[in-house]
Amino acid sequence: MQLQTSNGITKEVDKMSGNNITGSETKSTVIANKLEEEILAKKYKAGETLPSQHDLAAQFFASSRSVREAFKNLEAKGLISVKQGKKAIVKSNSLDQFVESLSASMISKQAPDKKLLTDLMQVRTTIEVSAARELSRDPNRMLIVRSLDRACTKMEHLLPSLETGKDAEATKQFKATEFEFHAALIKSNDNIILSSIYENLAPQLYAAMDRLPETYNEQKKKVNEYRYLVEALVNGQTDLAVALTLVNLTNIRDKFETLDL
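This write-up is about the structure you can find in this document. Predicted model only: the values in this text are computed from it and were never measured.

1. Brief notes about the packing of helix α7 (residues 142–162) against helix α8 (residues 168–187)
If you want to describe how two helices pack, look at the angle between their axes and the distance between the axes.
Here comes step 1: Closest axis-to-axis distance for the α7/α8 pair is 9 Å, and the angle between their directions is 160 degrees. The angle between the axes of α7 and α8 places the two elements in the roughly antiparallel class. In this structure, the crossing between α7 and α8 has a hand that is left-handed. Where α7 abuts α8, its residues Ile144, Ser147, Leu148, Ala151, Cys152, Lys154, Met155, Leu158, Leu159, Ser161 and Leu162 lie against Ala170, Thr171, Gln173, Phe174, Thr177, Glu178, Phe181, Ala184 and Leu185.
Here comes step 2: By residue class, the composition of the contact of α7 with α8 is 13 nonpolar, 5 polar and 2 charged.

In structure tokens:
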């Protein structure tokens, strides 16, 4: 997949669109994320089997151990069932059960730990990628896309005030508008239960993310990515919209993992 830009996004999109590893991702993470995406998109429906571990290892140029670790990740989320000596069976085509369990765990703790917040970050990624895919295909998408466009335009207008790094109010407005952008995309997902649970937990995640340090160049690059995403949604370019969403959230996740919570 190619996107003509001058700020390196082409390279990132190419990597995220295939089976290559980026950043701190391991092969088991790449495999788990790809299979999760396909299960949630119902390429493999509940009750159906996944390809054998041998076939998946060949597909991803990975070891059987990496595939087994990916299966453990998916099993922990309630998406598959794995029995020794047999192919993995898809248990569910949604993350409802996982998010409900995550919700209960977080609510039971006054201060959520980093592991729970990282899990929630993964849920956020799954929801947004799914939302970008479905929104790009929705013939009535323009109402939501216009709200994304307005948020993107507001961030673009705020950029000049962020260049010095000294305008605290502009920084606050930029982050608030960025959260609005993500919220609008998440709410376009047609899974009301999943979106509702996420919305209840999101303030805890955003409170942690609010501490992420960003340079002006990083902010400018991110706004460009949001603009390209809006254009992809307008034009109904599903693969590009999904890849751009994944690139953006992966970059945010990688910065989040460096936080000392």
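The structure having been displayed, the exposition proceeds.
2. Topic: the packing of helix α2 (residues 27–40) against helix α4 (residues 64–76)
Here comes step 1: Running from N to C, α2 and α4 point in directions that differ by 50 degrees, and their axes come no closer than 8 Å. With respect to their mutual orientation, α2 and α4 come out oblique. When the axes of α2 and α4 are compared, the crossing they make is right-handed. On α4, the residues that touch Lys27, Ser28, Ile31, Ala32, Leu35 and Glu36 of α2 are Ser66, Val67, Glu69, Ala70, Phe71, Asn73 and Leu74.

3. Observations regarding the environment of Ser101
Here comes step 1: Locating Ser101 in the fold gives a position in helix α5 (residues 96–107).
Here comes step 2: For Ser101, a relative accessible area of 43% corresponds to the partly exposed category.
Here comes step 3: Along the chain, Ser101 and Lys77 lie 24 residues apart, while their C-alpha atoms are 9.3 Å from each other.

Conventions adopted
- Residues numbered from 1 in each chain as written.
- Predicted model: local features only at pLDDT ≥ 70, side-chain atom pairs only at ≥ 80, totals over all residues.
- Heavy atoms only, no water.
- Axes fitted to C-alpha atoms, helices over the stretch in contact; angles between N-to-C directions.
- Helix = DSSP H or I, 4+ residues; strand = E, 2+ residues; numbered from the N terminus.
- Parallel < 35°, antiparallel > 145°, perpendicular 65-115°, else oblique.
- Left-handed = near helix turned anticlockwise from the far one by under 90°.
- Contact = heavy atoms within 4.5 Å.
- Nonpolar A, V, L, I, M, F, W, Y, C, P; charged D, E, K, R; others polar.
- Buried < 20%, exposed > 50% of the residue type's maximum accessible area, 1.4 Å probe, protein only.

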